[in-house]
Amino acid sequence: MITAQIVVSGALMGLVYALVAYGFQLTYATSKSINFGQGELVMLSAFFSLTLLDWGVPYWLMVPGGLLFGVLLGLFVERAAVRLALEQKSEGWILLTIIVGLLGFSAAENIWGRDDRPFPTPISSDALHIFGVSITPVEISVAIGVFALMGLIELFKRKTLLGKAFEAVSADREAAELMGISATRTVMLSYGLSGLVAAMAGILVSPITTVGPTMASALILKAFSVAVVAGLDSGFGVVIVGIFLGSLESLTSFYIGSGWREAPGLILLILALAARPNGVFGKAGIRKV
Amino acid sequence: MMYMLKVENLYAGYGSSEVLTGVSLEVAQGRVVALIGANGAGKTTTMRAISGMLKPRRGRVLLDGEPVQGKDASRIAGLGLAHAPEGRRVFGPLSVEDNLLLGAYGRLPLFWGYRGRAARDLDKIYVLFPVLHERRLQSAGTLSGGEQQMLAIGRALMAGPKVMLLDEPSMGLAPVIVQEVFATIRNLKAAGITLLLVEQFARSALEVADYAYVMERGRIVAEGVPDELYRDERVLAAYLG
């Protein structure tokens, strides 16, 4: 029974990895670029949301506020770090998004300090017992939030014309432009959505992990592993891999020792890279031809 | 004469290489104009420079009298130019119907109700290409080459364009299918579509065209109605042999 308990709580963290990994997929689809500062977006959105709560904004109004802040951050990253590099067809976005992330980190330390702070939530932390596994409503809210947001974005992509245009740009950017679809604006949209996803991850995970400048540094590495292992093409593969990695981690932590917690993610990443000699993005690149 | 598309002294190229060195041509409303010439003469580059896939270095492109050179391809498309590019370039993962809907992207609502607004135009395309109706829910990548070409043409028609550019529609297709493609082009002509056509099968292109230009090494070297070109010894020897 203890194993089931460990798997469940690990899987929940895994869903958060999956959500952040999904953010990588969104921008990779439209622009073949990803935001290496995505973790800082998670952290900054969490801090901003906490500040809204400090100001007395009710929790359920804070959520859209925090999400909007994430969208704006995503758009900022696109404008400040990605667009220039893409226009010059360079890989400069790698360094530039890392730099924007570092700036975000410094800003957070200066504005909110270095300490971890608790993140209040009206959702109860009293454990419920379901089939002998104890789970808190806060944890359930993480699962609901992850699936709801990913489901909504997938619905948007499949059911609206704008979403289909998003898919068209992902499939063939040049041909999409010939349909009158602005690729530049579609890339902006994808960065806005990835910011939204990051903010959601921050709001969902903060009540469990607390908020601090370093809260997302481990998260981002594992989200990256999930995205690489699952593939950077869009889809729910990240959910499966995320749950798998999260469970593996908490099992490792319990049975081998918490010092080994990070090991499964790194090993998974190395194995994925070894299995793809064309590099991290190789598979998608080949499929495109 | 009302020119829907007018290209004046167009220069364009890739990197340091100049491909087009002063191309001028005109397409009158409701006419089919063919652009013929050997491989590497610059036909596709001309099409790309007109539609904005490639930014021209000099010269002007007038779409219904309005200069569009230097604008983004998506802007030019929105102004009424539909380019069915070389290689068809359908959106493989999307369904046939989604491909067609995206052809009308510029004039449909972005969130809801776009299907209803496009229904009549979709029906017209399905009458023209019944095979697309049969396969409307299939992903475009699963179509045969000929069907993909029909889709590329249908997608361009969905925009209700002022001018359509059709680049090498017969490329890589079996002879029987090539016949079908030319039958389609004759249908477009009968429907009054203004068309600039690039074709490797110069003879077939001249049969359907009202007027034609011959390209060589990045410039226009001959032009005229098809009968005139058939009488031009030089053109005859080089392209219609």
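One structure accompanies this document, and this report is about it. (Residues numbered from 1 in each chain as written. Chains lettered and ligands numbered in written order. Predicted model: local features only at pLDDT ≥ 70, side-chain atom pairs only at ≥ 80, totals over all residues. Heavy atoms only, no water.)

Residue and element names in this part refer to chain A. At a closest axis distance of 6 Å, the pairing of helix H3 (residues 59-87) and helix H8 (residues 183-209) adopts a crossing angle of 140°. Relative to H8, H3 is oriented oblique. Once H3 is placed against H8, the crossing between them reads as right-handed. Looking at the contact of H3 with H8 residue by residue, the class counts come to 16 nonpolar, six polar and two charged. (Axes fitted to C-alpha atoms, helices over the stretch in contact; angles between N-to-C directions. Helix = DSSP H or I, 4+ residues; strand = E, 2+ residues; numbered from the N terminus. Parallel < 35°, antiparallel > 145°, perpendicular 65-115°, else oblique. Left-handed = near helix turned anticlockwise from the far one by under 90°. Nonpolar A, V, L, I, M, F, W, Y, C, P; charged D, E, K, R; others polar.)

Further remarks concern the interface of chain B and chain A. Taken residue by residue, the interface counts 25 residues in chain B and 20 residues in chain A. At the boundary of chain B with chain A, total buried surface from both sides reaches about 2,100 Å², with 68% on carbon and sulfur atoms. The closest approach of N and O atoms between A:Lys164 and B:Asp98, which form a salt bridge, is 3.0 Å. At the junction of chain B with chain A, the criterion picks out seven residue pairs in polar contact (both at pLDDT 80 or more). When residues of the side of chain B that touches chain A are traced back to their parent elements, those giving at least two are helix H1 (43-51), helix H2 (73-78), helix H3 (96-103) and helix H4 (114-128) of chain B. For the side of chain B that touches chain A, the element with the highest residue contribution is H3(B), accounting for four residues. Across the side of chain B that touches chain A, the residue classes tally to 15 nonpolar, five polar and five charged. (Contact = heavy atoms within 4.5 Å. Buried area = accessible area lost by both parts, 1.4 Å probe. Salt bridge = Lys/Arg side-chain N within 4 Å of Asp/Glu carboxyl O. Polar contact = N/O pair within 3.5 Å; in protein donor to acceptor, adjacent residues only side chain to side chain.)

As a further point, take helix H4 (residues 93-112) of chain A. Residue and element names in this part refer to chain A. Over its 20 residues, H4 runs 27 Å from end to end, which matches the ideal 28 Å to within 8%, given 1.5 Å per residue. The set of residues buried in H4 consists of Trp93, Thr97, Val100, Gly101, Gly104, Ala108 and Trp112. Down the axis of H4, the smallest arc covering the buried residues is 100°, so these residues share one side. Opposite the buried face of H4, at more than 90 degrees from it, the exposed residues are Leu95, Leu102, Leu103 and Asn110. (Expected span 1.5 Å × (residues − 1). Buried < 20%, exposed > 50% of the residue type's maximum accessible area, 1.4 Å probe, protein only. Arc of directions from axis to C-beta.)

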